[in-house]
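Per-entry structural report
Chain by chain, the residues:
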Amino acid sequence: MRNLPIHTGRHFLQIPGPTNVPERVLHAIAFATIDHRGPEFSELGKEVVAGMRRVFQTDGTVVVYPSSGTGAWEAALVNTLSPGDRVVMFETGHFATLWRQMAARLGLDIEFVAGDWRHGVDPAQVEEKLAADREHRVKAVCVVHNETSTGVTSRIPDIRAAIDRARHPALYMVDTISSLASLDYRHDEWRVDVTVAGSQKGLMLPPGLGFNAVSDKAMAAAKTAKLARSYWDWQAMAETGQTGFFPYTPSTNLLFGLREALKMLLDEEGLPAVFRRHDRHAEATRRAVAAWGLDVLCADPREYSSSLTAVVMPEGHDADRVRQIILDGFDLSLGTGLGKLRGKVFRIGHLGHFNDLMLCGTLCGVEMGLHRAGIPHRAGGVAAALEFLGAGSAAA
Ligand SMILES: *Cc1c(COP(=O)(O)O)cnc(C)c1O
């Protein structure tokens, strides 16, 4: 085993999930577990489902699983589709590739539209694919809203409009695991059929909860969908919003934490302010990257992610070596390059429980690390971010 360096003070966890968990959420989790069939639990169950409806911006069904986000991906597919059903997916990056792999293993027939990992889903391409499918063989279109491997955010309402222009009845499924409660997202208004989410990113909780928001159309599809399912079945879970109860033992203590996190997001800061905060920290981060003379991976400014920024290393320089130097020297964890981006990028997570000074500390760690690692860059990235942040709320 490597001898771990001794660190003092707080660790900086700036990977794009799991994110920093607020102390008060940790305290809320540290209560005695209660009877999940008792009256007190019923109130908790109803309250968190009602809160999650506000986060998804939906009046419809919300299902909560004791699972990681991957489980919620599987739930979306197995509840709505049948073996051999055709599904269109888009190669936006590593997570889209993993979701596709899962869909293929489940026996679905995937059309995987190739991508360069620097762009989001092109709405024109969606329209073209669906318009060509006159027999309506395509049963679902699946999109990752915020590609956590690349820092690229696809334009969900524009893709909805493209599906509508093609007059296609396919279900629209969206992975919001690293965007929900960080970026504006509207399940009902954008007429998404299944939204997939997890607890450990924008919701500021530890890993362990998976979510589906489900439209009436998706609920209707579940009645005839033939993929095998049992644990993930929506029917038994859909009652929770009314009864507060779950068909099997829920993650009671994580739900205590969720209740506290929802209070912070919805009642105290408010979602519009949460979204503005993420936009502002992302802008400050990009200004730092630009001042260093480095590139962000995302190629289209309309698709810049507000929850993370992937920084491209100059040719011949290993991003993981820089990350290691930063971790050893400054106790700051950054996201690694995933899949084909291994060694080529590192990712700065600026989502969840976060503020200006945490961002400043993070960018200081990166700038010192670039220097120590001998990465060709200009000084002044931190100064550029400070200038932007210091200009105050007028800049938000
Ligand atoms: C983190 C993440 C996942 C995977 O979620 P797990 O909780 O690790 O199963 C899937 N999609 C996206 C976009 C993610 O950011």
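Figured I'd write up the structure that's included with this text. (Residues numbered from 1 in each chain as written. Predicted model: local features only at pLDDT ≥ 70, side-chain atom pairs only at ≥ 80, totals over all residues. Heavy atoms only, no water.)

Of all hydrophobic cores here, the largest spans 91 residues; its most connected members are Met52, Trp99 and Met173. Each of domain 1 (12-20 + 270-395) and domain 2 (23-267) gives at least three residues to this core. With residues up to four places along the chain from it excluded, the contact list for Met173 reads Ala76, Leu77, Thr80, Leu81, Trp99, Ala140, Val141, Cys142, Val143 and Val194. Judged by nonpolar contacts, the second largest core, of 27 residues, contains Ala319, Leu359, Val366 and Ala385. (Core = buried A, V, L, I, M, F, W, Y, C linked by side-chain atoms within 4.5 Å. Buried < 20%, exposed > 50% of the residue type's maximum accessible area, 1.4 Å probe, protein only. Domains from an automatic or database assignment. Contact = heavy atoms within 4.5 Å.)

Moving on: the packing of aromatic side chains. The tally for this structure, following the rule as stated, stands at 6 aromatic pairs. Geometrically, the ring pair formed by Trp73 and Trp99 is stacked, given 5.7 Å between the ring centres and 5 degrees between the ring planes. Here Trp73, found in helix 3 (residues 69-80), pairs with Trp99, found in helix 4 (residues 94-105); they are 26 residues apart in sequence, far enough to count as distant. Judged by its relative accessible area of 5%, Trp73 falls in the buried class. By relative accessible area, which is 1% here, Trp99 ends up buried. Of the aromatic side chains, those joined through ring pairs into one cluster are Tyr65, Tyr231, Trp232 and Tyr248. Above the face of the Phe95 ring, Lys201 is positioned so that its terminal group lies 5.4 Å from the ring centre. (Phe/Tyr/Trp six-rings, centres within 6.5 Å; stacked < 30°, edge-to-face > 60°. Helix = DSSP H or I, 4+ residues; strand = E, 2+ residues; numbered from the N terminus. Lys NZ or Arg CZ within 6 Å of the ring centre and 35° of its normal.)

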